[in-house]
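Take a look at the letters that make up each chain.
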Amino acid sequence: MDTPPQNTGLPGPLTAWFETRGWRPRPHQLAVLERTRAGGSVLLTAPTGGGKTLAGFLPSLCDLIVDGDGDGGFPDGKLHTLYLSPLKALAVDVRRNLEEPITDMGLPIRVESRTGDTPQSRRQRQRRNPPHMLLTTPEQLALLLSYRDGGRYFSHLRYVVIDELHALAANKRGDLLALGLARLAAMAPTARQIGLSATVAEPDQMARFLGCAGPVSIVDGGPGPQPDISILAASTRVPWAGHMTLHAMADVYRAIGEQRTTLVFVNTRAQAEVVFNNLWRLNDDGLAIALHHGSLAVEQRRKVEAAMVKGSLRAVVCTSTLDLGIDWGAVDLVIQVGAPKGLSRLVQRIGRANHRLDEPSRALLVPSNRFEVLECQAAASAVMEGELDGEASRRGGLDVLAQHILGVACGGPFRAGELYEEVRRASPYEGLSRDTFDAVLDYVATGGYALRQYELYARLVRDSDGYHHVTGPRVARQYRLNVGTIVAEPMINVRLHRGRNLGQIEEWFIDQLVVGDTFAFAGEILRFEGMRETTAIVSRSPGREAKVPSYYGGKFPLSTYLAARVRDLLADPKAQGKLPGPVRDWLSMQRRRSVLPGPDGLLVETFPRGGKHYMVCYPFEGRLAHQTLGMLLTRRMERAGCRPFGFVASEYALAVWSLNQVRDVAPLFGEDMLGDDLEEWLAESNLMKRTFRNVALIAGLIDRRHPGQEKTGRQMTFSSDLIYDVLRKYEPGHILLRATQADAATGLLDIGRLSQMLARIQGRIDTRRLERVSPLAVPLMLEIGKEAVHGDSMEELLSEAAEDLIEDASGLGRLI
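The rules behind the values
Residue numbers here run from 1 along each chain, matching the order of that chain's written sequence. Local features in this predicted model are restricted to residues whose pLDDT is 70 or higher, and side-chain atom pairs enter the listing and the counts only when it is 80 or higher, whereas totals over whole chains, interfaces and linings include all residues. Water and hydrogen atoms were dropped before computing side-chain values, which therefore reflect all heavy atoms in the structure. Secondary structure elements are taken from DSSP: a helix is a run of H or I of four residues or more, a strand is a run of E of two residues or more, and numbering for both begins at the N terminus. Only protein chains enter the area calculation, which uses a 1.4 Å probe; residues under 20% of their type maximum are buried, those over 50% are exposed, and those in between are partly exposed. What makes two residues a contact is simply this: any of their non-hydrogen atoms within 4.5 Å. Residue exposure ignores everything except the shown protein chains as possible cover, and the areas themselves are Shrake-Rupley values with a 1.4 Å probe. A cavity, in this analysis, means grid points on a 1 Å lattice covering only the protein atoms where a 1.4 Å probe fits yet has no way out; a pocket is instead an open set bounded by protein on both sides within 12 Å along at least five of seven lines, and a residue lines either one if it has an atom within 4 Å of a point. Grid points are joined across faces, edges and corners, and a volume is the space filled by probe spheres set on the points. Amino acids outside the nonpolar list (Ala, Val, Leu, Ile, Met, Phe, Trp, Tyr, Cys, Pro) and the charged list (Asp, Glu, Lys, Arg) are all regarded as polar, and Gly is one of them. Per-residue confidence from the predictor is reported as pLDDT, a score between 0 and 100. An expected span of 1.5 Å times one less than the residue number is assigned to each helix. Under the pairing criterion, centres of Phe, Tyr and Trp rings, with the six-membered ring standing for Trp, must be within 6.5 Å; the plane angle then separates stacked pairs below 30 degrees from edge-to-face pairs above 60, leaving the rest tilted. In this scheme, Lys NZ or Arg CZ marks a charge over a ring once it lies within 6 Å of the ring centre and within 35 degrees of the ring normal. Two strands form a pair only when DSSP identifies at least two bridges running between them. For helices, the axis comes from a line fit to the C-alpha atoms of the stretch in contact; other axes are also lines fit to C-alpha atoms, and the angle between any two N-to-C directions lies between 0 and 180 degrees. Joining through side-chain atoms within 4.5 Å is the link that ties buried Ala, Val, Leu, Ile, Met, Phe, Trp, Tyr and Cys residues into a set, and such a set is a nonpolar core. Identification of polar contacts relies on pairs of N or O atoms within 3.5 Å, with a donor-acceptor requirement for protein atoms, meaning one able to donate a hydrogen and the other able to accept it, and with residues adjacent in sequence counted only if both atoms are side-chain atoms.

Colleague: Help me understand the overall build of the protein in this model?
Modeller: The helix and strand tally for the protein stands at 30 helices and 28 strands. Here the protein holds 816 residues, and the buried ones make up 57% of them. The contacts of the protein with a sequence gap of at least 6 include a subset with a gap of at least 24, amounting to 73%. On the protein, roughly 33,400 Å² of surface is accessible, and the fraction owed to carbon and sulfur atoms is 49%.

Below, the structure is given as structure tokens:
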């Protein structure tokens, strides 16, 4: 076995601990130690299993150990190291893994975790008597910074370790974290920041996230071994459409049975419930299969995590709640059910298998339909070539900035100019203008011009010395109850009749149920018995068929880079040779009937069917961008006299149907559609009101939680819609309306991506006028068919697509 070199610079107890395990500190771990000892901050990028977490804590452990003398002179009751994680489960897992070497070495180092699940009494004790190492989340950091003793609490801080930085940096949680890190840098200027990230496409951009604490050096942990990725060749047909992958469940169950431990990843909570229930029905061998997603009760999730650590489970069906960092070295195989939607996410999930640097991770991709076969093939090829999605840089959210400013005021008075300079040290806000900052500050203080007459929005006051203060303790109390940027739909607790709590389901879904309805949740079929205050009471049902809860959150858009890879695959006949036979036949049929989409232009097909005229285009830009495109196209078609009836969008294509035929296609896709057409639609769209509601919640304009109570979804929607209409009428330049428009461009409407697509296709639109539906259009037509195509009509649709190539019944059977 390898033994550690003599010149590692590690204290004796730590060197001995490595020796007892036959381990050798890896070069990138020692490089992190060396760089932090030199006084700088560090970004470590390494694949899963690359020892990132140990590297992040190595400087802290060395600092707290001096030749076996225990705490190295660091005072007890002072915080030495702050660890920040995007997941509560990850903080708990890291604490367990840290306690092992600390206990083995007999060190008096206290390690504790602090999350939203931590009892209030323990959180209060942690503030009075901090541990040496505190493992927590960005939201808990914001809370700790909002107390008046924050400066004292962090005064001895030496290290800040940010785990899974790549999962935080590109969203609003990252904005909140960046602002918190800038605040910490002001309170504890000598503390070094250590960012731990999966291998990313642009490490320099990631390193800027840590720049608030001074220069940052990048340590590259290497790529790791190439993963072993295969795509399931289902024993049954490959469906034309659909997203639940039920056709492959027997094959997935068989793959689970061939391994000791398997993680089965899905993309949504609804899909997790469906996959788990279908695997359980097939489980004649009595395999220990568990379910894990964010809506389950925390006790249930912790029970599953503990069982995985013990190695007592054969499989866990899970969502993104287990994407990151949990150290389960015994996992033999990762199964991705449904297309991954992004390369970085796929690499992260694949890395959960083996979790050891020197062994390849094994993954099985299970596409739900024919388009997903293309996506899985493109994704697997890109990962094997070492490609990753690049995250576009983004500006920090103004709603998050408003929340942060109020949190700073809760912690003590501040001067605007000093806080502005501090905020600009946070990388998402480095380009923030003083005028915009002042507008956000004015909103926090008064609500803005249209709302300043209401006392409710008077939260800050400026004294004669130029300091801003909160107007009273109520403001601080409400801030702490509502801190954070995760805006989930209003949830309802689900409890067994005379039994335990099972978790939470979105309020709107429960509103649709009547007593006696059954639904799938927590891996069981439940019967709705009624509401008791804010809790849905249920009983177990012996039935097998049930409604499946649908959730607004948790759906991933197809990444820009992966979309380009799919277009490239369609333009490369050689690459198509790796596809399953039915999918190759499908593409061959498309070439005979029409043409395959090119890598840079846009294929648009038109054809009549059932007394209507259909227009199908294939942008491959993701469902959000396609839905926005559909809304704008139907407005233009209405003006052109086409009399559109509706549209349906998938991740890959868009279909619009109308009474009259589209005569001139190209002008419909002009870049000017993002001008007046967009403005007129946004003025009428409920999506903008929904986006505003989320912004208003983050910015503190509307408080979801009050002492002892929580607003319902209807109450919040009513309040936000009313304020939205007032602001649009009386203060259209309000800072929160500006924040809403910025969110719409990259969020629910994905206007930025649509704009790039429209620019790319100008002069490259290939219009094909067909007599009947094309093979490539069939999956989208079946999406319409969920409401309009049934029985014989579906067979007719499939037969139309197959007619040119399939002459007999056996051929039709092979195709469908």
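Colleague: Would you mind going over empty space enclosed by the protein with me for this structure?
Modeller: Unoccupied space between atoms shows up once a probe the size of one water molecule is rolled over them. Per the stated rule, a full pass over the model turns up 2 cavities of 30 Å³ or more. Space inside the largest cavity adds up to approximately 100 Å³. Along the walls of the largest cavity sit 13 residues, with Ala142, Leu145, Gly180, His404 and Tyr479 positioned nearest its centre. Its residues assigned to classes, the lining of the largest cavity comprises 8 nonpolar, 4 polar and 1 charged. For the lining of the second largest cavity, the per-class residue count stands at 6 nonpolar, 1 polar and no charged.

Colleague: I would appreciate a short explanation of the confidence of the model for the protein in the present structure.
Modeller: Any segment with low pLDDT has predicted coordinates that should not be analysed in fine detail. On average, residues of the protein carry a pLDDT of 85, and 88% of them reach 70 or more. Contacts of residues 786-795 to residues separated by more than four positions or lying in other chains number 7 contacts, the stretch itself having pLDDT below 50. Taken together, the stretch residues 802-816 has pLDDT below 50 and engages in 26 contacts with residues farther than four places along the chain or on a different chain.

Colleague: I keep staring at helix α17 (residues 434-446) and nothing clicks. Help me out?
Modeller: Within an α-helix, residues lying three or four positions from one another point in the same direction, as the helix has 3.6 residues per turn. Here α17 spans 18 Å end to end across 13 residues, near enough to the 18 Å set by a 1.5 Å rise per residue. Residues of α17 that are buried: Thr436, Phe437, Val440, Leu441, Tyr443, Val444, Ala445 and Thr446. Of the residues trailing α17, Gly447 is marked for its positive phi of about 95°.

Colleague: Would you take a moment to explain unusual backbone geometry for this structure?
Modeller: In terms of backbone geometry, most residues other than glycine have negative phi values and most peptide bonds are trans. Even without being glycine, Thr245 reaches a positive phi, approximately 60°. When you line up the elements, Thr245 lands in the loop between β8 (228-231) and α10 (249-257). Given the relative accessible area of 3%, Thr245 is considered buried. For Arg498, which is not a glycine, the phi torsion comes out positive at approximately 60°. One can find Arg498 in the loop between β17 (491-496) and β18 (501-506). Among the residues examined, Arg498 registers a relative accessible area of 82% and is labelled exposed.

Colleague: Explanation requested: the packing of aromatic side chains in the structure shown.
Modeller: Geometrically, a pair of aromatic rings is defined through the distance of the ring centres and the angle of the planes. Evaluation of the coordinates by the stated rule reveals 13 aromatic pairs. Look at Tyr153 and Phe154: their rings are 5.0 Å apart centre to centre, the planes differ by 80°, and that puts the pair in the edge-to-face class. The two residues Tyr153 and Phe154 agree in class, both being buried. Ring geometry for Tyr420 against Phe437: centres 5.4 Å apart, planes inclined by 55°, an arrangement best described as tilted. On the criterion of sequence distance, the pair formed by Tyr420 in helix α16 (residues 416-423) and Phe437 in helix α17 is long-range, its members being 17 residues apart. We note that Tyr420, like Phe437, is buried. Taken together, the ring pairs in this structure connect Trp240, Phe371, Trp586, Phe620 and Tyr652 into an aromatic cluster. Across the ring face of Tyr147, the terminal group of Arg127 is positioned such that the distance to the ring centre comes to 3.7 Å. Of note, Arg370 hangs over the ring of Trp240, and the distance from its end group to the ring centre comes to 4.4 Å.

Colleague: Teacher, can you tell me more about the sheet that holds strand β14 (residues 414-415) here?
Modeller: Consider a sheet: its strands pair through backbone hydrogen bonds, and that pairing is either parallel or antiparallel. If you walk across this open sheet you meet the 3 strands as β14-β16-β15, and the pairing is antiparallel. Unpaired on one side and paired on the other, β14 and β15 (460-462) mark the two borders of the sheet. The pairing of β14 with strand β16 (residues 467-470) spans 2 bridges and is classified as antiparallel. Paired with Phe414 across the strands is His468, a residue of β16.

Colleague: Please explain the sheet that holds strand β7 (residues 216-220) as it appears in this structure.
Modeller: The strand order across the open sheet built from 7 strands is β3-β4-β2-β5-β6-β1-β7, with neighbouring strands paired in parallel fashion. Edge positions in the sheet fall to β3 (111-114) and β7, since each has one partner strand and no second. Strand after strand, the sheet turns through a mean of 15° between neighbouring axes, direction not considered. Pairing of strand β2 (residues 81-84) with strand β5 (residues 159-162) involves 4 bridges; the strand directions are parallel.

Colleague: I'm lost on the nonpolar core in this one. Help?
Modeller: Side chains of a nonpolar character, in soluble globular proteins, are inclined to be buried together. Within the largest apolar cluster, 108 residues are counted, with the highest numbers of intra-cluster contacts made by Leu82, Phe154, Ile405, Phe437, Leu460 and Phe669. Setting aside anything within four residues of it in sequence, one finds Leu460 in contact with Ile405, Leu406, Ala409, Phe414, Leu441, Val444, Ala445, His469, Val470 and Thr471. Core analysis: the second largest hydrophobic core is formed by 49 residues, Val373, Ala379, Ala563 and Met781 among them.

Colleague: Before we go on, may I ask you to explain helix α1 (residues 12-20) in this structure?
Modeller: Within α1, the full set of buried residues consists of Pro13, Leu14, Thr15, Trp17 and Phe18. Phi turns positive one or two residues past the end of α1, at Gly22, with a value near 65°.

Colleague: Explanation requested: the environment of Ala170 in the structure shown.
Modeller: Structurally, the position occupied by Ala170 is in the loop between β5 and α8 (172-187). Of the residues examined, Ala170 reaches a relative accessible area of 29% and is grouped as partly exposed. When the C-alpha atoms of Ala170 and Arg394 are compared, they prove to be 7.2 Å apart, with 224 residues separating the residues in sequence.

Colleague: Explain the side chain of Gln336 to me, please; I cannot follow it from the model alone.
Modeller: Among the secondary structure elements, Gln336 is positioned in strand β12 (residues 333-337). At 3.1 Å, the side chain of Gln336 and the backbone oxygen of Gly338 are in polar contact. Every residue in contact with Gln336, bar those within four places of it in the chain, is listed here: Phe265, Asn267, Arg349, Leu364, Leu365 and Val366.

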